[in-house]
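# Examination of the molecular architecture
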Amino acid sequence: MMIMNMRVMVYCLGILGVFLGISANAQIIYSNYFNSNTREIDIAGTAPTISNGILGGVGNGVWTSTYTNANGSATVYANGIINTNPGCVLLPFVPQSGCVYFMSASVNLPSGMPNWVAMGFTQYATQTNNATGIYSRFTDDPPHGFAWLGARANTSQGVFAGAGTANSMGNATLTPTGSSTMTIVLNTIASHWTVSAFLGGSIVGTNVVGGIQMGTNFTYAVNPTIAFAGIGQTSFAGQSVAGIQWNFWSLSVFQAVTTPMTNTYWVGPSALGTGDGSTSANAASFQNSSFWNLVQSDLQTANVDVNLLSGAYYQGVLGFTNMGNPLHRLTLQSVNLYGPDFTAYIDNLLNIHGSQNIKFYGINFSGPARYWVVQCTPNGLYPSRNLEFSYCRFINLTNAYYGAIGLINGVRDVLVDNCIFTNLTSNNGNHQHMIYASHNIVGVTVTNCLFQDCLADYVRFRDDSEYCAVENCTFISTMSSSAWPFISAELYNVTNSDSAGDEFFGNHFQISSNTFIYDAAGGPGPYSALHFSDDGYSPYSYDCDLTASQAGGLAAGSVTFQQSFLQQSIGINASSIKMFGNVYNSQVAHAIDYSYTWDGIQPNGGWQGTIDISGVPDSTGTQMGSPPVLRNASFDRQGLLWTPVVSSTPNQCLFQTWFCNPAYTDILRVPGLAGTTNALLFDQSKNQSVFQWITSPGVNWTLDFLFSIGSGSSGTGTKFNVDIIHNDTSGSMVSVGVNSQGQFGIFNNGGGFMSLPALGTVSFSANNVYRLRIVGNYSASTPHISIYTSDANNPVLDHKAVNLTDWINGTPVSGQSFPETIAFYNFTAPVVLDQITLVPGLAEGQPVITGTAFQGGNLILSGTNGFGSDYYSLFSTTNLVSGKWILEATNAFEENGAFSITNLVPPGTPEKFYRMQLQ
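Since we're looking at a predicted model, the values are computed, not measured. (Residues numbered from 1 in each chain as written. Predicted model: local features only at pLDDT ≥ 70, side-chain atom pairs only at ≥ 80, totals over all residues. Heavy atoms only, no water.)

## Notes on the side chain of Thr188
- The residue Thr188 is located in the loop between strand 12 (179–187) and strand 13 (194–199) in this model.
- When its relative accessible area of 0% is taken as the criterion, Thr188 is described as buried.
- Engagement of the side chain of Thr188 in a polar contact is seen with the backbone oxygen of Gln96, the distance being 2.6 Å.
- Beyond its immediate stretch of four places on either side in the chain, Thr188 contacts Pro95, Gln96, Ser97, Gly98, Cys99, Tyr101 and Trp193. (Helix = DSSP H or I, 4+ residues; strand = E, 2+ residues; numbered from the N terminus. Buried < 20%, exposed > 50% of the residue type's maximum accessible area, 1.4 Å probe, protein only. Polar contact = N/O pair within 3.5 Å; in protein donor to acceptor, adjacent residues only side chain to side chain. Contact = heavy atoms within 4.5 Å.)

## Section: the environment of Ser334
- Looking at where Ser334 falls in the secondary structure, it is placed in strand 25 (residues 330–334).
- For Ser334, the residues in contact, after removing those within four places along its chain, are Leu308, Pro340, Tyr361 and Gly362.
- From its side chain, Ser334 meets the backbone oxygen of Asn336 in a polar contact 3.4 Å long.

## Regarding the sheet that holds strand 36 (residues 433–438)
- Taking strand neighbours across the sheet as the criterion, the 10 strands line up as 24-27-30-33-36-39-42-45-48-49 in an open arrangement whose pairing is mixed. Looking at which strands have only one partner, the edges of the open sheet turn out to be strand 24 (318–321) and strand 49 (609–612). The sheet shows a mean angle of 15 degrees between the axes of neighbouring strands, direction not considered.
- Sheet analysis places strand 48 (residues 590–596) next to strand 49, joined by 4 bridges and oriented antiparallel. Paired with Asp593 across the strands is Asp612, a residue of strand 49. (Pairing = 2+ DSSP bridges. Axes fitted to C-alpha atoms, helices over the stretch in contact; angles between N-to-C directions.)

## Considerations on the sheet that holds strand 56 (residues 732–739)
- What the 7 strands build is an open sheet, ordered 50-53-62-55-56-57-58; its pairing is antiparallel. A strand with exactly one partner marks an edge of an open sheet, and here the two such strands are strand 50 (659–661) and strand 58 (753–755). Pairwise comparison of adjacent strand axes, ignoring direction, gives a mean angle of 20 degrees for this sheet.
- Across 7 bridges, the pairing between strand 53 (residues 687–693) and strand 62 (residues 821–827) is antiparallel. Each bridged residue has a counterpart across the sheet, and for Phe691 the counterpart in strand 62 is Ala823.

## Thoughts on the nonpolar core
- Among the nonpolar cores identified, the biggest contains 99 residues, and Phe389, Phe451 and Tyr594 are the most heavily contacted of them.
- When residues of this core are assigned to their parent elements, the largest contribution, 4 residues, is made by strand 48.
- For Phe389, the residues in contact, after removing those within four places along its chain, are Leu350, Ile352, Phe360, Val374, Cys376, Ile405, Val414, Leu415, Val416, Asp417 and Cys419.
- Among the nonpolar cores identified, the runner-up in size contains 47 residues, and Cys99, Met119, Phe121 and Ala229 belong to it. (Core = buried A, V, L, I, M, F, W, Y, C linked by side-chain atoms within 4.5 Å.)

## Points about the environment of Glu844
- Along the chain, the position of Glu844 falls in the loop between strand 63 (831–840) and strand 64 (848–855).
- Judged by its relative accessible area of 35%, Glu844 is partly exposed.
- Between the C-alpha atoms of Glu844 and Val775, which are 69 residues apart in sequence, the distance is 7.8 Å.
- Discounting chain neighbours no more than four positions away, the residues touching Glu844 are Val775, Ser786 and Tyr788.

Printed below as a string of structure tokens:
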């Protein structure tokens, strides 16, 4: 087998070199050694020797048999010996684009064997029931084989691209010489997949590609739907099978790693030479808008590096609006570290507005900027996200009113790495911060930075900002005037006439492996590493303005009491605050505290002060988890911006984490649909929307939600739709909706609504609840979506329109694009929206039973490949031919798609057959 693996490696590199000139790394998805000493162990329901969840595999995958009858399901035993039945044993596998897959096996085929064994790929892992018996071979449907090879000693046997025995690729004969080898090569790099085959070390067919003999290289006109991979056989019933044995089987992959093209330009404080940016001698001015338009155009197909020449950039602000591309990075990097010095007496030195996927490296920021040094904000539906500041310096900022880096109103996914922040000395009312993340900020990571001397909280996370980490940093205060909390999470529910309850504490922070040093006496304090505080009304449904009795109880209470009180009364979930590995000097009074300050305006409980709660965080060293794809998808967290405010605040509605348009619109909270707690109600007299910038679910994803449309709608056209945007800067998306006639439909690139009759219709009534599911397969060579809908008040998705390729403003890039933003709209219709789920994976696969057990009179069936929260039913019959299927039980899949169902089987119960049905 070592020789065979080397052969496979050579073939693979030959293919890749001929077609792409790219590099690749081999990875094993599955491999199985048939070396068990016990013949009677059925391989079905067991795990292979190696199982990895990469590039289409499943990390906890187990062998599934396609053959079951009264005599058992064994097709292959753990020692590689086969049974006599016509079946397959398969592992879950969905090919991904941009790969070359190698399935290889060693098998003993004795001379005179009566029939054939096979290996390859299938669409299903279920058996065929027909008039002539039970068959589950690659040639049958199901399992519906694709790209499979059959081997039979001394007799010519076929290789088929599929389905079944379609698209024969040629024949070859094995002459038994002990173990023989079989190999299938499935190439998914091009838009149309290809398959080649090798039998006994010989190429099947005579196809030559680029001077290399590759055997038959079949090209699919339509790529096959593959969900499983494995081995199988035809029927050996009543025939001797002595000597037939599998020794080894594996599925490995080479992923094509293309190196994106990078365009390089030069920029300086002023233009040099021709000023076109083509070389350092012809550097463009950083103020040249035409140059930046060229850069944005380049980003549609390539990464762009912009080299910043040394010098003082003081003529004006460097501003980016709707700049970037999610798949191609813009990097602004110094030619000489800290050589580019942005310094000017203007509002902001760097303004990032609705832009993404940009890195800033080696830049110096200094001087008398008046407002922010770097300001990052969204631009309507355009987010600012995926930003990086590496090896930058923010020093001697003497005038900035708010601070060095401002992340405002929904900015997310920002890395600040190896940066230096020192001597922020503005005396503008203690507003100046080194990093200020305010209002619904997600995914900020600060690593390996130095923070020294700031005249307000050094790093602040305000108002529902969470999933943020500060790691391996050093904080130093050398002056009494800079003795402020180092990291804070603060609320301001009174300032500038904010309405009560607008701001909430975010949760999910990691403060780890930092050094905190106060090196001066006096100052404003408190001397805290992490500081939670409220300055105003309590957030809606909480009581942050404590009474003296409550404050005393919190200060004196046990850690368990403090954790419970903070969560129930204040909204701070201590278990989601990861705080470990930090070093504090003796002047740090609190690792973490809670403070309340009354400014003489709002009602309060009468207590002001600071309480040490240093024992409440999770100090076990457990890492903070990643943000969920969607936050507050069930609309249970409410309270943001009940009324307009004077200060610079986000366009928020009543539901935390969701932005709305128009700003401060009267979207309401109502009882949930189908028995849930809360739902969102759009105003029937207006056109409104809610949206959220999300964490990527990956290239394959599923969106599922409930909705109803009341009878009070007016006008024609679309009444409700959802946009799933895969390129924020270009507005590329899929858009699905319901029109005034109750028809489901999809919008095409011209913006027109195309009805989809297969999805049924909606009856406009507040009492009619519908379920809608959109499944996006962006890993396919031709990205597509499928839509599933239910009838009114029925969770069963019994209508579908599949493989749709209608997009607005651009198609997803195969294997690369992913959802970035999700938005829901009503158009003069009373739409209720509820229970949104957006998760990785394709909710279209067949659930697979992977384990059976009989314990205490109960039959226990377990398996995988379901979709979390979907319902399934278990049916049984005593007669496969004419029997009636009886409902035994109904249950829901676990979040990861697993299931386990227990069914009582009383003594004397006749033999039963079981099947599962999705609802």
